[in-house]
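Residue strings, one per chain:
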Amino acid sequence: WHIYLSENFGRDIMYSIWLRYMQTFACAAIDSALHDLGTSMNDQFQEFAVWNYFTDGKDDGHHYSEGASFFPQDTVVYVATHSSYPSSGSISSSASQSYAANYILFRTSSADTGTYKLAFSGNSQFVYGVSLILHKPSGSSYLKMALNGNPSGELLIPDFKSYDKVIMVVTHLFNSA
């Protein structure tokens, strides 16, 4: 987390957080420092979870400066894998724990045709962020899924088979309410 923050906001972010930490708890100190930079801890944690995908053998050179040297045990683990569609499932996890992430792999094949809809529906007691990593041999991109208050949302993926795989990153964020 501190490496991600430093690589995105410079080393001074850690000093700013540390000064605030003397007067409040850690999450509030981090969120306050990030608000001064025009963002929030929830937004940055969602991005951090995406960055964590691009470590070890999946390093693409566009995220952590030393992502290729991260140890395999420090990289992501898929909580579910789907390879035939339509598919659905539920994930039993520590959803009540703030600042956690789950990675769900959607494998593609040449038999997959057209536009696919990836949907998410979570427990209304929690706050989530959902991102999709669209992986191609030539490079990856990612999208954030807009969630309504239920919380649920969906994204359409045109030409689904053009991707090697799609990874849904579900982050459990802090609910300040």
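In case you missed it, the structure is sitting above this.
Residues numbered from 1 in each chain as written. Predicted model: local features only at pLDDT ≥ 70, side-chain atom pairs only at ≥ 80, totals over all residues. Heavy atoms only, no water.

### Looking at the packing of aromatic side chains
Reasoning step 1: By the definition in use, this model includes 16 aromatic pairs.
Reasoning step 2: Taking the centre distance of 5.1 Å and the plane angle of 70 degrees together, the rings of Trp 1 and Phe 48 count as edge-to-face. Pair noted here: Trp 1 is in the segment before helix 1 (2-9) and Phe 48 is in helix 4 (residues 41-53), with a separation of 47 residues, a long-range link.
Reasoning step 3: Note on Phe 48: relative accessible area 12%, which makes it buried.
Reasoning step 4: Taking 5.1 Å as the distance between ring centres and 90 degrees as the angle between the ring planes, the aromatic pair formed by Tyr 4 and Trp 51 counts as edge-to-face. With Tyr 4 in helix 1 and Trp 51 in helix 4, this residue pair connects regions lying 47 residues apart in the sequence.
Reasoning step 5: On the basis of relative accessibility, which here comes to 1%, the residue Tyr 4 falls in the buried class.
Reasoning step 6: Through a chain of ring-to-ring contacts, the aromatic side chains of Trp 1, Tyr 4, Phe 45, Phe 48, Trp 51, Tyr 64, Phe 70 and Tyr 99 assemble into a single cluster.
Reasoning step 7: The ring of Tyr 53 carries Lys 58 above its face, with NZ or CZ at 5.2 Å from the centroid. (Phe/Tyr/Trp six-rings, centres within 6.5 Å; stacked < 30°, edge-to-face > 60°. Helix = DSSP H or I, 4+ residues; strand = E, 2+ residues; numbered from the N terminus. Buried < 20%, exposed > 50% of the residue type's maximum accessible area, 1.4 Å probe, protein only. Lys NZ or Arg CZ within 6 Å of the ring centre and 35° of its normal.)

### Thoughts on a nonpolar patch on the surface
Reasoning step 1: On the surface, Tyr 15, Leu 19 and Met 22 cluster together into a nonpolar patch covering about 350 Å² of accessible area.
Reasoning step 2: Along the chain, Tyr 15 falls in helix 2 (residues 12-21). (Patch = residues over 30% accessible without salt bridge, like charges linked within 9 Å, V, L, I, M, F, W, Y side chains within 5 Å. Areas by Shrake-Rupley, 256 points an atom, 1.4 Å probe, with all protein chains shown as cover. Salt bridge = Lys/Arg side-chain N within 4 Å of Asp/Glu carboxyl O.)

### Here we look at the pairing of strand 3 (residues 116-121)
Reasoning step 1: Side-chain alternation along strand 3 places Tyr 116, Leu 118 and Phe 120 on a buried face and Lys 117, Ala 119 and Ser 121 on a face that remains uncovered.
Reasoning step 2: Where strand 3 and strand 6 (residues 152-157) come together, six bridges link them in antiparallel fashion. Across the sheet, residue Ser 121 finds its bridge partner in strand 6, namely Ser 152. (Pairing = 2+ DSSP bridges.)

### Regarding the environment of Ser 152
Reasoning step 1: As for its position among the elements, Ser 152 is in strand 6.
Reasoning step 2: A sequence separation of 22 residues divides Ser 152 from Val 130, and the C-alpha atoms of the two residues are 9.6 Å apart.
Reasoning step 3: With residues up to four places along the chain from it excluded, the contact list for Ser 152 reads Phe 120, Ser 121, Ala 146 and Leu 147. (Contact = heavy atoms within 4.5 Å.)

### Description of the nonpolar core
Reasoning step 1: Core analysis: the biggest nonpolar cluster contains 18 residues, and Leu 132, Val 166 and Met 168 have the highest contact counts within it.
Reasoning step 2: Looking at this core, the elements that each hand over two or more residues are strand 2 (100-107), strand 3, strand 4 (127-136), strand 6 and strand 7 (165-173).
Reasoning step 3: Considering every element that reaches this core, the biggest residue donor is strand 4, with four residues.
Reasoning step 4: Leaving out residues up to four positions away in the same chain, Met 168 has contacts with Asn 102, Tyr 103, Ile 104, Phe 106, Leu 118, Ala 119, Val 130, Ser 131, Leu 132 and Met 145.
Reasoning step 5: Leu 5, Phe 48, Trp 51 and Tyr 99 belong to the second largest nonpolar core, which has 15 residues in total. (Core = buried A, V, L, I, M, F, W, Y, C linked by side-chain atoms within 4.5 Å.)

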